[in-house]
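Geometric and topological summary
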Amino acid sequence: MKKVAFYTLGCKVNQYETEAMAELFEKSGYTVCDFDEFADIYVINTCTVTSMSDRKSRQIIRRAKKMNENAYIIVTGCYAQVAQDEVAKIEGVNLVLGAKDRDKIVTFADEYFKEQLIVKSSDISYTHTFEPLTIGEFKSRTRAYIKVQEGCNQFCSYCIIPYARGPIRSRDLDDVINETKRLANAGFTEVTYVGIHIASYGLDKKNYDLADLLCAADKVDGIKRIRLSSIEPMTLNADFIKKISGVKKLCHHFHLSLQSGCDETLKRMNRKYTVDDYYNIVLGLRRHFPDVAITTDIMVGFPGETEEEFSKTCAFLEKVSFSSAHIFQYSRRKGTPADSFENQIPSEIKAKRSKIVKEITDITRLEFMEKFIGCDAEVLFEQRVGGYFEGKTGNYMNVLVKTDAELSGQYKTVRLERIKNGSFIGKIVNNNYC
Ligand code: SF4
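Given the structure is predicted, the values throughout are model-derived calculations rather than measurements. (Residues numbered from 1 in each chain as written. Predicted model: local features only at pLDDT ≥ 70, side-chain atom pairs only at ≥ 80, totals over all residues. Heavy atoms only, no water.)

**Notes on the overall build of the protein**
- Helix and strand counts for the protein stand at 13 helices and 18 strands.
- Rg of the C-alpha trace for the protein: 22 Å, near the compact-globule value of 22 Å for 434 residues, within the 12% margin.
- Out of the 434 residues belonging to the protein, those deemed buried represent 56%.
- Counting only contacts in the protein whose residues sit at least 6 apart along the sequence, the fraction spanning at least 24 positions is 72%.
- Just so you have it, the protein exposes about 19,400 Å², and 49% of that area is on carbon and sulfur atoms.
- Looking at the protein, you have 62 positive and 59 negative side-chain charges, and the mean spots of the two groups are 2 Å apart. (Helix = DSSP H or I, 4+ residues; strand = E, 2+ residues; numbered from the N terminus. Rg over C-alpha atoms; globule rule 2.2 N^0.38 Å. Buried < 20%, exposed > 50% of the residue type's maximum accessible area, 1.4 Å probe, protein only. Contact = heavy atoms within 4.5 Å. Areas by Shrake-Rupley, 256 points an atom, 1.4 Å probe, with all protein chains shown as cover. Lys, Arg positive; Asp, Glu negative; His and termini not counted. Charge placed at Lys NZ, Arg CZ, Asp CG, Glu CD.)

Next comes the structure, spelled out in structure tokens:
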């Protein structure tokens, strides 16, 4: 029986796709093993968000080759899609399978299990169908991801993803709900809907949107929590927020990608909102979900970002008071408009700005968490960490409880007693929530 091993770089969409491909191999009689084991086939699901992601993808391909120099190596995902010739030239690569046709990966592996180099990726810009990758069960997790959307039409000036993933395509609502039911039957109580630009869900279908999907998922027996992955802010208009405020199982956590708190910078980034638009969305969410956690992505050092523009971003971060932020230093991506912009920012200035943003968001994060000290929260426990069991609240705060009990997959009410290293330390109680 042939063995196949997977390595996933990048986002939750990639994680979902890896799980789906692993299931296809298993159904065809292959054994899935760890990436550090000797395997007949290695599949590297790559990312290309930054040049660092490309480098890491190349490193992992070389690592696979070292594990078994006769292995058949399949490289898939975004880096394989946008740089297929470059990837095909890496020693040991047998199959380059971009960001589509992964549902046929086993056929390709069977068919081409001879030493010959094949480039399977083709132009993705005219792809309008949703790649039919599905999952019946997730291994070793309490939370399941479900991919509901593919592609992006936004073309932010710094981003390579629309070229890697193609135009927006939505998975049929019934299909998503059926997979949600299958995962509920497999024992999952929490699902996270993921996509490349999840805010566009349904725009290519015309008769439903993301809010309709959430309302339908709310009715699935066995599911207790529904999460959304990172979402672009502009979908969250007043009507949308009002509609989803009735979705009882929706977790009160929204990761709203901001990127910059300065209108001039946002315009050069080709983002389609102003800071006032963004702030109104934050206020709307806080009005409907009082315990909501709003987290974000911030990019520092975008070409032409002056000290004044950066100061505006800092002031806006303080005004919004995010629960947490991912901070990125702008990284040039060949093939994007921003790569040729003037006034590229030196790396030492990017590093300095990144540090300042971290200091601000560390403070706002702590302020957010302190509001919950002494409250009781429902926690879904996931894994043991030393003498503690670790889990997440609905609004995605990390909680640790000292216990010898096995709590994986269980919900408990926890009193949040103190904060240590960004997590709550608490104890299990039976009281009502704050
Ligand atoms: S919205 Fe912008 S940053 Fe997000 S995937 Fe699309 S182009 Fe990239």
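Further notes follow.
**Looking at helix α2 (residues 51-67)**
- Taking 1.5 Å per residue as the helical rise, α2 with its 17 residues ought to reach 24 Å, and the 25 Å between its terminal C-alpha atoms agrees with that figure.
- Those residues of α2 that fall on the buried side of the exposure criterion are Ser53, Asp54, Ser57, Ile60, Ile61, Ala64 and Lys65. Looking straight down α2, one finds its buried side chains confined to an arc of 145°; they lie on one side. Among the exposed residues of α2, those oriented more than 90 degrees off its buried face are Met52 and Lys66. (Expected span 1.5 Å × (residues − 1). Arc of directions from axis to C-beta.)

**Considerations on the side chain of threonine 48**
- Residue position: threonine 48 is located in the loop between β3 (41-46) and α2.
- For threonine 48, a relative accessible area of 0% gives the class buried.
- A polar contact is formed between the side chain of threonine 48 and the side chain of aspartate 54, at a distance of 2.8 Å.
- Among residues more than four places away in sequence, those in contact with threonine 48 are Ser53, Asp54, Cys78, Tyr79, Val82, Ile160, Ala164 and Arg333. (Polar contact = N/O pair within 3.5 Å; in protein donor to acceptor, adjacent residues only side chain to side chain.)

**Some remarks on helix α11 (residues 275-288)**
- An ideal rise of 1.5 Å per residue puts 20 Å on 14 residues; α11 measures up with 20 Å between its terminal C-alpha atoms.
- Residues of α11 that are buried include every one of Val275, Tyr278, Tyr279, Ile281, Val282, Gly284 and Leu285, and no others.

**Examining the sheet that holds strand β11 (residues 253-255)**
- A sheet is described by the order of its strands in space; here 3 strands give the open sequence β11-β12-β13, paired in parallel fashion. With one partner strand each, in any of the chains shown, β11 and β13 (324-329) form the two edges of the open sheet. Taking each pair of neighbouring strands and ignoring which way they run, the sheet shows an average axis angle of 15°.
- Of the pairings in the sheet, the one linking strand β12 (residues 293-300) to β13 comprises 6 bridges and is parallel in character. (Pairing = 2+ DSSP bridges. Axes fitted to C-alpha atoms, helices over the stretch in contact; angles between N-to-C directions.)

**Section: a nonpolar patch on the surface**
- There is a patch of nonpolar side chains on the surface, built from Val82, Phe155 and Tyr163 and spanning about 240 Å² of accessible area.
- If you trace the backbone, tyrosine 163 turns up in helix α6 (residues 161-165). (Patch = residues over 30% accessible without salt bridge, like charges linked within 9 Å, V, L, I, M, F, W, Y side chains within 5 Å. Salt bridge = Lys/Arg side-chain N within 4 Å of Asp/Glu carboxyl O.)

**Observations regarding the nonpolar core**
- Tyr193, Phe254 and Leu256 are the most contacted members of the largest nonpolar core, which has 69 residues in total.
- Leucine 256 has contacts with Ile231, Pro233, Leu236, Tyr278, Ile281, Val282, Leu285, Ile294, Thr295, Thr296 and Asp297, leaving out every residue within four places of it along the chain.
- One finds Tyr7, Tyr42, Ile61 and Ala83 within the second-largest nonpolar core, a separate group that totals 23 residues. (Core = buried A, V, L, I, M, F, W, Y, C linked by side-chain atoms within 4.5 Å.)

**Side note on the environment of isoleucine 223**
- Relative to the assigned elements, isoleucine 223 resides in the loop between α8 (210-217) and β10 (225-228).
- A sequence separation of 137 residues divides isoleucine 223 from glutamate 86, and the C-alpha atoms of the two residues are 43 Å apart.
- Once residues lying within four places of it in the same chain are set aside, the contact partners of isoleucine 223 are Thr180, Ala184, Phe188, Thr189, Val191 and Lys249.

**Concerning the environment of histidine 197**
- For histidine 197, the location among the structural elements is in the loop between β9 (190-195) and α8.
- Placed 47 residues apart in sequence, histidine 197 and glutamate 150 show a C-alpha to C-alpha distance of 7.0 Å.

**With respect to the domain arrangement of the protein**
- The domain boundaries assigned to the protein delineate domain 1 (3-119), domain 2 (143-369) and domain 3 (376-429).
- On the domain 3 side, the residues contacting the 15 residues of domain 2 number 15 residues.
- Summed over both partners, the interface of domain 2 with domain 3 comes to about 1,300 Å²; 51% of that surface belongs to carbon and sulfur atoms.
- The largest share of the area that domain 2 buries against domain 3 comes from Arg143, Arg225 and Met369, three residues that together contribute 49% of it.
- At the boundary of domain 2 and domain 3, one finds 2 salt bridges.
- Note that glutamate 382 is salt-bridged to arginine 143, the shortest N-O span being 2.5 Å.
- The tally of links between domain 2 and domain 3 comes to 9 residue pairs in polar contact (both at pLDDT 80 or more). (Domains from an automatic or database assignment. Buried area = accessible area lost by both parts, 1.4 Å probe.)

**Brief notes about the pairing of strand β1 (residues 3-8)**
- Examined bridge by bridge, β1 and strand β2 (residues 31-33) share 3 bridges and lie parallel to one another. Looking at the pairing, lysine 3 lines up with threonine 31 of β2.
- Remark: the β1/helix α1 (residues 12-27)/β2 crossover connection has right-handed handedness.
- Of the strand pairs in this sheet, β1 and β3 are connected by 5 bridges, and their pairing is parallel. Pairing of tyrosine 7 across the sheet is with isoleucine 44, part of β3. (Right-handed = clockwise from strand over helix to strand, strands pointing away.)

**Some points on the sheet that holds strand β17 (residues 411-420)**
- In space, the 5 strands of this closed barrel follow the order β14-β15-β16-β18-β17, with mixed pairing throughout. Taken over all neighbouring pairs, the strand axes of this sheet differ in orientation by 50° on average, direction set aside.
- As paired strands, strand β14 (residues 376-385) and strand β15 (residues 388-393) are joined by 6 bridges and run antiparallel to one another. Bridge assignment links valine 379 to a residue of β15, and that residue is threonine 393.

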